[in-house]
Amino acid sequence: MFAIYKRELRSYFLTAMGYVFLTIFMIILGILFYFNNVTQNSADLQSYYQAVDPLYLIIFTVILTMRLMTDDKRNRTEVLLLTAPVSAGGIVMGKFFAAFSVYGLAVLSTIIYAIYAMIFAEIRLVVVIGGMIGLLLYGALFIAIGTFISALTDSQVVAAIATFCSLFFLYIAESFISFIPNSTVTNILYWLALDSKYSQISQGLLSVGHLVYFLSLTALFLFLTIRVVEKKRWA
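Residues numbered from 1 in each chain as written. Predicted model: local features only at pLDDT ≥ 70, side-chain atom pairs only at ≥ 80, totals over all residues. Heavy atoms only, no water.

Novice: Explain the overall build of the protein chain here, please?
Specialist: The secondary structure content of the protein chain amounts to 13 helices and 0 strands. The helix and strand sequence of the protein chain, counted from the amino end, reads α-α-α-α-α-α-α-α-α-α-α-α-α. Within the protein chain, buried positions represent 46% of all 235 residues. Counting only contacts in the protein chain whose residues sit at least 6 apart along the sequence, the fraction spanning at least 24 positions is 78%. (Helix = DSSP H or I, 4+ residues; strand = E, 2+ residues; numbered from the N terminus. Buried < 20%, exposed > 50% of the residue type's maximum accessible area, 1.4 Å probe, protein only. Contact = heavy atoms within 4.5 Å.)

Structure (structure tokens):
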């Protein structure tokens, strides 16, 4: 797994992909910090993290994962990868952790905004920690879903569109609740809804239920991706 991880992580920075991702991430979150805090002379980082709309994270995920499982097919290295002495789980987890490492680096870099705010006023560390944990949990789930979808297709374009549509559905799922009379369906949609969960985490209200939600769904999609890779290997 570690060899796959190193290869994938290196590939992000041997091309422009990793640099483009980090640049876009920092620019967008920097703009949000500027308008939410700097222009308002506010050290309230809770409003800043709440302003980081999951829609931005969806776009970041698409950039990171659209090539994750399709690049080997395009570069004609898929057969070598599938016949290598590494398990399907090792392949999937290596690729997942490489993408998550790039994403995590981008998230951790936002600590500079907290440091900037700390210079001028007292800040609530629980909000900073909660906001960053929320971003990391969202990223892990989104990357797991993107990895799974990328494994289902040979096209980066198809993977990008399908990932965006799937994550966007989770993003707007809560808005359908008032239109559906069936309580079972509405309960499922409410459980799947992402926005309210992030809003609570960004306030420092991290519960066991939040962790179960994000970690269980992340594990589920990684498990499904492993099954897809195993199927390709035996085929």
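Novice: What exactly am I supposed to notice about the packing of helix α7 (residues 88–109) against helix α13 (residues 208–234) here?
Specialist: Geometry of a packed helix pair, given as the angle between the helix axes and the separation of the axes. The contact between α7 and α13 brings their axes to 8 Å, and the two run at 130 degrees. Comparing the axis directions of α7 and α13 gives the class oblique. The interaxial crossing formed by α7 with α13 has right-handed handedness. In this structure, α7 contributes Ala 88, Gly 89, Ile 91, Val 92, Met 93 and Phe 96 to the contact, and α13 contributes Thr 218, Leu 222, Thr 225, Ile 226, Val 229, Glu 230 and Arg 233. Within the contact of α7 with α13, the residues separate by chemical class into 8 nonpolar, 3 polar and 2 charged. (Axes fitted to C-alpha atoms, helices over the stretch in contact; angles between N-to-C directions. Parallel < 35°, antiparallel > 145°, perpendicular 65-115°, else oblique. Left-handed = near helix turned anticlockwise from the far one by under 90°. Nonpolar A, V, L, I, M, F, W, Y, C, P; charged D, E, K, R; others polar.)

Novice: I would appreciate a short explanation of the pattern of salt bridges in the present structure.
Specialist: Tallied over the entire structure, the rule returns 4 salt bridges. Glu 8 is the salt-bridge partner of Lys 95, the closest N and O atoms lying 2.8 Å from each other. Highlighted residues: Lys 95 in helix α7 and Glu 8 in helix α1 (residues 2–14), separated in sequence by 87 residues. By the burial criterion, Lys 95 is buried, and Glu 8 matches it. (Salt bridge = Lys/Arg side-chain N within 4 Å of Asp/Glu carboxyl O.)

Novice: Got a minute to help me understand helix α2 (residues 17–38) in this structure?
Specialist: Side chains that are three or four residues apart share a direction in an α-helix, a result of its 3.6 residues per turn. Relative to the 32 Å expected for 22 residues at 1.5 Å per residue, α2 spans 30 Å between its end C-alpha atoms, a close match to the ideal helical length. Along α2, the positions that sit buried rather than exposed are Met 17, Gly 18, Phe 21, Leu 22, Phe 25, Leu 29, Gly 30, Leu 32, Phe 33 and Asn 37. Turning to α2, the residues buried within the fold contact α1, α3 (45–51), α4 (54–65), α7 and α8 (111–120). (Expected span 1.5 Å × (residues − 1).)

Novice: Would you mind going over the packing of α1 against α7 with me for this structure?
Specialist: For the pair α1 and α7, interaxial distance at closest approach is 8 Å and the crossing angle is 40 degrees. The angle between the axes of α1 and α7 places the two elements in the oblique class. Along this stretch, α1 crosses α7, giving a crossing that reads as right-handed. Taking contact as the criterion, the partners of Ile 4, Tyr 5, Arg 7, Glu 8, Leu 9, Tyr 12 and Phe 13 in α1 are, on α7, Gly 90, Ile 91, Gly 94, Lys 95, Phe 97, Ala 98, Ala 99, Ser 101 and Val 102. When grouped by side-chain class, the residues that make up the contact of α1 with α7 number 10 nonpolar, 3 polar and 3 charged.

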